[in-house]
Structure formats: structure tokens, C-alpha cells
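# Descriptive structure summary
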Amino acid sequence: MSVDVTWTPAWDRTEGEERARALFASVYGTEAAGVWSAPGRVNLIGEHTDYNGGLALPIALPHRTYAAVSRRDDDVVRLVSAQEPSGVREVRLADAAPGAVTGWAAYVVGVAWALREAGHAVGGFDLAIDSCVPFGAGLSSSAALEASVAVALDALHGLGLAGTVDAAGAATDDAGRSTLADVCVRAENEMAGAPTGGMDQAASLRARAGHALLLDCLDGSVQHVPFDLAAHGLALLVVDTRAEHSHVSGEYAQRRASCEEAARRLGVGTLREVADDPQAVGRALETLAAGDDGDLLVRRVRHVVDEIARVGEFVTHLGTGDVTGVGPAMDASHDSLRDDYEVSCRELDLAVDTARASGAHGARMTGGGFGGSAIALVDVGAVEGVAQAVADAFAAAGLHAPAFAVAVAGPPAG
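Counting of residues starts from 1 at the beginning of each chain's written sequence and follows it residue by residue. Totals for whole chains, interfaces and linings use all residues, but because this is a predicted model, local features are given only for residues with pLDDT of at least 70 and pairs of side-chain atoms are given and counted only at 80 or more. Only hydrogens and water are removed before side-chain values are computed, so all heavy atoms of the structure are retained for them.

### Comments concerning the sheet that holds strand β12 (residues 372–379)
- Taken in spatial order, the five strands of this open sheet run β1-β13-β10-β12-β11, and their pairing is mixed. Each having just a single partner strand, β1 (6–7) and β11 (362–366) make up the two edges of the open sheet.
- In this sheet, β12 lies alongside strand β10 (residues 234–243) in antiparallel orientation, the contact comprising eight bridges. Across the sheet, Asp240 pairs through a bridge with Ser373, a residue of β12.
- Contact between two residues is taken to exist if any of their heavy atoms lie within 4.5 Å; hydrogens are not considered. As a rule, the C-alpha atoms of each element are fitted with a line to give its axis, helices using only the stretch in contact, and angles between N-to-C directions run from 0 to 180 degrees. Only DSSP runs of H or I reaching four residues or more are called helices, and only runs of E reaching two or more are called strands; each is numbered from the N terminus. Against the sheet, helix α10 (residues 327–339) touches β11 and β12, its axis set at about 40° to β11. Note on pairing: two strands pair once DSSP finds at least 2 bridges between them.

This is the structure we're talking about:
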């Protein structure tokens, strides 16, 4: 017997802005100066490559975080979220420092702190957050929060970094947004203590509607790759497994530390330098295999160099119009993340295996892993059927019911 399928809809802009404004007014008793928003993201391919100087290919989701904000005349930050029952929190920017602010507030205060550290005169503010980006789903709810605050503070303090987003869903100042993305990364790494790379923040701030963002994490450059699945009769199904993940965890940090140790032993700055030279890959794996922890480092490095190559393969297929041809790369990516990088879990594997068995052209986990979401490339007419199969498989396995969404490449923060 089939179970009910739960869908996670994206709010339209009007609804999101009204929700944030209403929360602000009810809490602070006045109207917000404005509302800014930023998207979550789905990474099509290129996982755990960002902190290795590699390539990644995310899209911005239509699901967004909305921030209603007003400036204050002091250095106090007051913040409230519709998703947090703890009420209003208050922090003085003078007291902000790594380790001094905890929970979701660290991502907000961290952005203001990082802007001040970069020399920008940012003062206190009142903020109200409402969001339809699922928390803990591996869809970058933290980056969406950071980016919404970053563009808000940019506008309120006239920093001139974010530019605008035109009618086609493209940002007018990519260089300034690259700077804001760096600020958000510093907030997440240092203030929130999450050792992530920069892919999530780049996707939220630098993406373009209707396109995937080909991000070179070695030099920070981007290319916008047309990504219109509907034109090919396809859809990208997102499966939130409800197995909550967190970047503030020892497992994620261990993966990054392993890659940094491998690069140190190989005498390179990042593993990208190995990946760009096919002959160097074999030599590198032989070198690493000689150590006491050789098997582990070989598997970690093999995933990274192969994943970087898969990004290029994915983009090539998109460029030739052979969109279903990306399926094998998606499948190989998940298998590598499961076996070599060891960041998958029971729920992710079940979602991927069931989607493949139900006709998906390719499926993989997306995001940092240890829970979160999977994605499946399916025919438009198969979306409901694949979602139903996955929901039924979860019920049969005694797991929490997953939630589903269809991802369409949306515009960046603004």
C-alpha cells in the first residue's frame, strides 16, 4: 500500500517578503527598512571539491530565506527567526568573536563581524528571518541565511558590493558578490565553526536564473552554463531524506583534514594540482599508498580527482544537448561518495538506489553528506512515480518519511 508523498513548495517572492515583514512588525513594533532574500542550492555534481581547489556545478534553488532588516544607531544586533522558538536574541557587535556567539545567530552576526573585519563600517541592526529552505537538508540553509544578511547589510550601509539582479535573474556585479561570498565563508568557518569550502555561498550570491554555476574553486572564477531541463522533457527531483546533517561536525572536518594531509605529503597546495595532470594522479596515489594510512588517503584523493573530472564531463554533456548523458556521472559520483569518501548514509543510499530502479537517468547524494538530500534526473512524466517509489521504500524500511521538491535554477540573492 502506497504512503502519502510530502512536497516542500517554494514560496513566491510576495509571500516570502510578507512573511518576513509581518514577523518583523510583530516583534519590533515597527516596519522593516526592507526585505532581502537568498536561495538555497542544489549541487549537480562536484562534491567535496571546493576546499580542494576543484570544480563544482551548483544551481540556486527557488527556495529562499527572507530577511526583514532595519539599521540601528548602536552596535546591537537583535534577531528573531520564525523557524526558531527561542524568541529574540541580542548580541553586541563589540562582543562578537569566534566562539562567542552560538547557534544560528553565529551565521548572522558572523556576516556583520566579517564585514567589519574587512574594514566596512557596519553597525547594529534588527532582523527577522523566515525561510522555506529546509533546515538540515543539505540544501545550504546556512549559506542562504548568510547571503540574505550580506546583501541586506550591503544595501543598508551603501557598501556597493552586491549590485542588482536584472530581469533575467543575473547579478550585475559579480566581483562585488565574490567579495561578499568570501565574507560569508569567513563567517561560517570562523564564527560558526563549520569548515566548509566556498561553493554554497558562491551559489547563493553568484548564480544566474536558468543556469548552473560552474565554479572554479582554485581562482574563484565562474561560468554560467545553460540549464533548462524542461526543454528536454526532464526534471531534477530533490529528495530530502530527513536524516539531518550538520557541517559543524567532526566527520566533515576529518574529510577536509585528510585531503589537506594528502596535499602536504604530495607537496602541492591543493589536490586540484594533482587532478589537472593525469600522469600525476597515478604517481600521487602510489606515493600516498606507501604510508600507514595509505588506503584511506588514496580513497579520499581518488574521489576528489575523479569528481573534478566528472564535473567537466557533466558540463560537456550539457553543452552538446545530451542531457540524459549526465546520468552515469551522477551515478559514479554517488558511488564514489559512498565508497571512497564515506559520507553517504542508509537513507541517502536507499533514495538513490530506489530512484535508479524506478527509471531515473542518474541519481546521487548532494551536499556534504552524513544525511541531507539526494537528487535524481527523471523524465517529467516520471516525477510523481519516482517520488512515490522512494516514499514507499522509506516506509517499508521503517525510516522517517522523506520530503520532495523539483529544483529549477533560480536567481541569486537580492
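That was the structure; now back to the text.
### Looking at the layout of surface pockets
- The calculated volume of the second largest pocket comes to roughly 310 Å³.
- The distinction between a cavity and a pocket rests on a 1 Å grid over the protein atoms alone: a 1.4 Å probe fits inside a cavity but cannot get out, while a pocket stays open yet meets protein on both sides within 12 Å along at least five of seven lines, and a residue with an atom within 4 Å of a point counts as lining. Every residue lining the second largest pocket is counted, 24 residues in all, and those nearest its centre are Asp50, Tyr51, Gly198, Cys217 and Leu218.
- Residue assignment for the lining of the second largest pocket shows that the elements contributing at least two residues are α4 (174–191), α5 (199–206), β8 (211–216) and α6 (250–266).
- Here the lining of the second largest pocket takes four residues from α4, the largest share from any one element. Grid points are joined across faces, edges and corners, and a volume is the space filled by probe spheres set on the points.

### A few points about unusual backbone geometry
- In this structure, His48 takes a positive phi of about 60° despite not being glycine.
- With respect to the helices and strands, the residue His48 is situated in the loop between β2 (34–43) and β3 (55–56).
- A 1.4 Å probe rolled over the protein chains alone gives each residue an accessible area, and that area as a share of the maximum for its type sets the label: buried under 20%, exposed over 50%, partly exposed in between. With a relative accessible area of 4%, His48 lands in the buried category.
- For Phe370, which is not glycine, the phi dihedral falls at a positive 60°.
- Its location among the elements puts Phe370 in the loop between β11 and β12.

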